[in-house]
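# Architecture at a glance
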Number of protein chains: 2
Amino acid sequence: MPKPGPRLRLADVAERAGVSLATASRVLSGRGGVSEELAGRVRQVSHELGYVANPYARTLAGGTSPTVGLIVHQVDDPYFSEIAGGVIEVAAEKGLLVQISHSGRDPDYELRQLRHLIAQRVGIILIAGSGYDDPRVEAEARTELSAFQSLGGRVAVIGRHTLGVDAVLPDNEAGGRAVTAHLLELGHRRIAVAAGTPGLTTVTDRLAGVSSALRQHGLSLDDLPVVHSDFTRDGGRVTAEQILGDHPETTAIIALNDAMAIGVLSVLRAHRIPVPERMSVVGFDDVSVAADLAPSLTTIRLPMTDMGRMALTLALRPPSTRPRRRSTGHTLVVRDSSGPAPRLSASRP
Amino acid sequence: MPKPGPRLRLADVAERAGVSLATASRVLSGRGGVSEELAGRVRQVSHELGYVANPYARTLAGGTSPTVGLIVHQVDDPYFSEIAGGVIEVAAEKGLLVQISHSGRDPDYELRQLRHLIAQRVGIILIAGSGYDDPRVEAEARTELSAFQSLGGRVAVIGRHTLGVDAVLPDNEAGGRAVTAHLLELGHRRIAVAAGTPGLTTVTDRLAGVSSALRQHGLSLDDLPVVHSDFTRDGGRVTAEQILGDHPETTAIIALNDAMAIGVLSVLRAHRIPVPERMSVVGFDDVSVAADLAPSLTTIRLPMTDMGRMALTLALRPPSTRPRRRSTGHTLVVRDSSGPAPRLSASRP
DNA sequence: ATAGGGTATGGAAACGTTTTCCTGAGCGCT
DNA sequence: AGCGCTCAGGAAAACGTTTCCATACCCTAT
């Protein structure tokens, strides 16, 4: 059973294997150019002794750090924690460490986090979560990132297409279209939208999808209530109350993420409005609890864990000159929270 | 706007401030012993240039690393992601970085993670999640940790009392007692337990509370069905199916955490068993979605975010010879998933 | 045989800090 | 005035790697 021992240095391994420090380093950092015999001996000894390189020394000397800095909007939101799960899985496979920081959806704070990460010399930066509609913020982030890249740093983003770097992108617009089409096919016309944090591109994109589906059916988003709040359960509650108050004729609510949908459902329950008989509700993301809600939530499934995995994998690829994009599939998952529009308002042509 | 610049070294700051490297270091690392005049100048220059110390060099030279390694059982379980949220908050306040790794509730893998973290020379280790009933695992973990501590590392654990280090502990037994007493007062006697991953002390402790409450009412846990599975939603489903199949007379199910309770509820819904009219369900933890389930979940509230905060705060205190313990409060939160026992079985004395 | 080109290996510099050890100045005390 | 003491500040060692450079060797082509 190898014990980490107080201070086990590469020099110890080298000595015990009867080779020089340089050779031992070459073997263990996989640089090659060492005879199979010596290499084998070094690996053997290293393993016996349970040697693990000191990452601080390694980074200081070599330049690239084995840590990935992951910025998410909110750690304890399932959408992000599932993404984080995917990132952590891949990191574990590759022997990387994951540092998580969160931005609370505040663009300036996020920028500070980013600068901090860069100053800390992490090797890889991953940013999960929507971009902001604010050009200043995006421009500054872009500047920081390209400086970071030119120093050899690797970058990928998830769900953000505004930074000019490798990105894993769900097709938010197509998803918005799909979920809206679903409601329209069920006969709903009085549709309201519970829209998330204003100023996020995710909101804009998903709304664009909703709008596009509506147009195909000869309707316009401008005629429907779109209520903005936070991308959280509380945000969902607020919007639902407002929709119920101002637009009692509504028969379906599109929540632009699942967290909001959960809030919407809780308000409907409090008002004893039967779902889906009197009101349909759809979400977006398919966080894992969505299937276990009552009623279970109709939503657009995004493969969050895979997205996390893809992002890190992408960042690990040899850098290319042009930013790469990987788009993820999405699936409309029809469950119990959506049903045919009630007669009253639906039967009108 | 200070830019991190390609390679800004402490030496640059020192030179520009007209002091030696040593002095600049003393100022910026807050070691003192520098005249106010020089110190001011150094700080001034450092700030102007936007200097940020290279943490790798700092750690290599100084010994203590500004990162906290957080091991959780499962990142994308809300119980743990809320704890992580608390840890990250405090870390951000103190300028520390948080590295998250997860163990998947596998004791051996967890041990590997722990060794890895130590080898990586993190400064602070936090372990969240139950201990294991396996003495070998606990003993090995204890050995690693005390070696780590004797090298100056800081440690705290959350919800684990078996490691002989500073700990933040919810009173699992009292919680189990409270939730059971609640059901007993509602007249339930045919109670079943959906118990989590076997071999976890959390399971043992919560069960002990259940048992104790039962005894006070002249009942014994031995006469009731206790079905073990995973501490997950799927685990909850499995146990619920089994309970329904083998013990149809059951009127209340105690799930030993909320994830399982969610699974139990979904099975009951599938079987069209009305909750709480025909069956009461209670959980444990009060994850944030618990209030939004249908029916909303009666459960024991644990302040997860605070627990994360407390743990890091505790670890940051000057080390003491005897391990410190902070116990957290717990509250029975009565919601809609629990109600009076149905007449049929409850009226029997 | 001998020059020339790899190739495997070792020695030593470098990475950017903190910390130890010194030096010299200022001070109070006898 | 001389003695130790404290204290600010500088020079240099140390931290544990990677990498550059030099060296010795072997092989092949002249």
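As a further point, take the overall build of chain A. Within chain A, the regular secondary structure consists of 13 helices and twelve strands. Counting all 349 residues of chain A, 55% fall into the buried class. Of the charged side chains in chain A, 38 are positive and 37 negative; the average position of the first set lies 6 Å away from that of the second.

Around DNA strand C, the surrounding shell holds 27 residues, and the nearest of these are S35 of chain A together with L10, S25, Y51 and A61 of chain B. Each atom of DNA strand C within 4 Å of the protein was assigned to sugar, phosphate or base; sugar and phosphate come to 68%. Contacts to DNA strand C include S35 of chain A, whose backbone N or O atom sits 2.7 Å from a phosphate oxygen. Between DNA strand C and S25 of chain B there is a distance of 2.5 Å, counted from a phosphate oxygen to a side-chain nitrogen or oxygen. At the level of elements, α2 (21–28) and α4 (55–62) of chain A together with α2 (21–28) and α4 (55–62) of chain B are the ones that each hand at least two residues to the surface near DNA strand C.

Let's shift gears to the interface of chain A and chain B. Size of an interface, as often reported, equals the accessible area lost when the parts are brought together. Counting from both sides, the interface comprises 48 residues of chain A and, opposite them, 48 residues of chain B. Together chain A and chain B conceal approximately 4,600 Å² of surface at their shared face, both sides included; 59% is due to carbon and sulfur atoms. Summed over the shared surface of chain A and chain B, the number is four salt bridges. Here D292 of chain B makes a salt bridge to R237 of chain A, at a shortest N to O gap of 2.6 Å. Broken down by class, the residue content of the side of chain A that touches chain B amounts to 25 nonpolar, twelve polar and eleven charged.

Moving on: the pairing of strand β5 (residues 167–170) of chain A. Residue and element names in this part refer to chain A. In β5, alternate side chains face the same way, and those of A167 and L169 on one face and V168 and P170 on the other are all buried. Sheet topology note: the β5/strand β11 (residues 325–328) ladder contains four bridges and is parallel. When the bridges of β11 are listed, A167 appears paired with R325.

The immediate surroundings of DNA strand D are formed by 26 residues, with L10, S25, Y51 and A61 of chain A together with T23 of chain B found nearest. Protein-adjacent atoms of DNA strand D, using a 4 Å cutoff, are sugar or phosphate at a proportion of 68%. Taking S35 of chain B, its main chain carries an N or O atom lying 2.7 Å from a phosphate oxygen of DNA strand D. Put simply, the parts of the chain that give the surface near DNA strand D at least two residues each are α2 and α4 of chain A together with α2 and α4 of chain B.

Moving on, we come to the packing of α4 of chain A against α4 of chain B. At a closest axis distance of 8 Å, the pairing of α4 of chain A and α4 of chain B adopts a crossing angle of 130 degrees. Relative to α4 of chain B, the element α4 of chain A lies oblique. For the crossing formed where α4 of chain A meets α4 of chain B, the hand is left-handed. Each of P55, Y56, A57, T59 and L60 of chain A in α4 of chain A lies in contact with α4 of chain B, whose residues at this interface are P55, Y56, A57, T59 and L60 of chain B.

When the charged atoms of two side chains with opposite charge come close together, those side chains can pair. Applying the stated rule across the entire model yields 42 salt bridges over all chains. Residue R115 of chain A is joined to E144 of chain A by a salt bridge in which the shortest nitrogen-to-oxygen separation is 2.6 Å. Taken together, the positions of R115 of chain A in helix α6 (residues 107–119) and E144 of chain A in helix α7 (residues 135–150) put the pair 29 residues apart, joining distant regions of the chain. Neither R115 of chain A nor E144 of chain A differs from the other in exposure class; each is buried. The partner of E140 of chain B in a salt bridge is R136 of chain B, with the nearest N and O atoms 3.5 Å apart. In this pair, E140 of chain B and R136 of chain B are both assigned in helix α7 (residues 135–150), four residues apart and thus about one turn of the helix distant. Within the structure, one salt-bridge network assembled from shared partners comprises D108, R115, D134, R136, E140 and E144 of chain A.

Attention now goes to the packing of aromatic side chains. Using the criterion set out here, one finds three aromatic pairs over all chains in the structure. For the pair Y79 of chain B and F80 of chain B, a centre-to-centre distance of 4.9 Å together with 85 degrees between the ring planes defines the contact as edge-to-face. Judged by its relative accessible area of 4%, F80 of chain B falls in the buried class. Over the face of the ring belonging to F284 of chain A we find R206 of chain A, whose NZ or CZ atom lies 3.7 Å from the ring centre.

To continue, consider the relation of the copies chain A and chain B. The operation relating chain A to chain B is a screw motion whose rotation component is 180 degrees, with 0.2 Å of axial translation and a residual RMSD of 0.4 Å. Here the two chains are linked by the operation of a two-fold rotation axis. Take the interface residues of chain A: 96% of them recur as interface residues in chain B, which is what a same-surface contact looks like.

So, how was this worked out
Residues numbered from 1 in each chain as written. Chains lettered and ligands numbered in written order. Predicted model: local features only at pLDDT ≥ 70, side-chain atom pairs only at ≥ 80, totals over all residues. Heavy atoms only, no water. Helix = DSSP H or I, 4+ residues; strand = E, 2+ residues; numbered from the N terminus. Buried < 20%, exposed > 50% of the residue type's maximum accessible area, 1.4 Å probe, protein only. Lys, Arg positive; Asp, Glu negative; His and termini not counted. Charge placed at Lys NZ, Arg CZ, Asp CG, Glu CD. Near = heavy atom within 4 Å. Polar contact = N/O pair within 3.5 Å; in protein donor to acceptor, adjacent residues only side chain to side chain. Contact = heavy atoms within 4.5 Å. Buried area = accessible area lost by both parts, 1.4 Å probe. Salt bridge = Lys/Arg side-chain N within 4 Å of Asp/Glu carboxyl O. Nonpolar A, V, L, I, M, F, W, Y, C, P; charged D, E, K, R; others polar. Pairing = 2+ DSSP bridges. Axes fitted to C-alpha atoms, helices over the stretch in contact; angles between N-to-C directions. Parallel < 35°, antiparallel > 145°, perpendicular 65-115°, else oblique. Left-handed = near helix turned anticlockwise from the far one by under 90°. Phe/Tyr/Trp six-rings, centres within 6.5 Å; stacked < 30°, edge-to-face > 60°. Lys NZ or Arg CZ within 6 Å of the ring centre and 35° of its normal. Least-squares fit on C-alpha atoms with pLDDT ≥ 70 in both.

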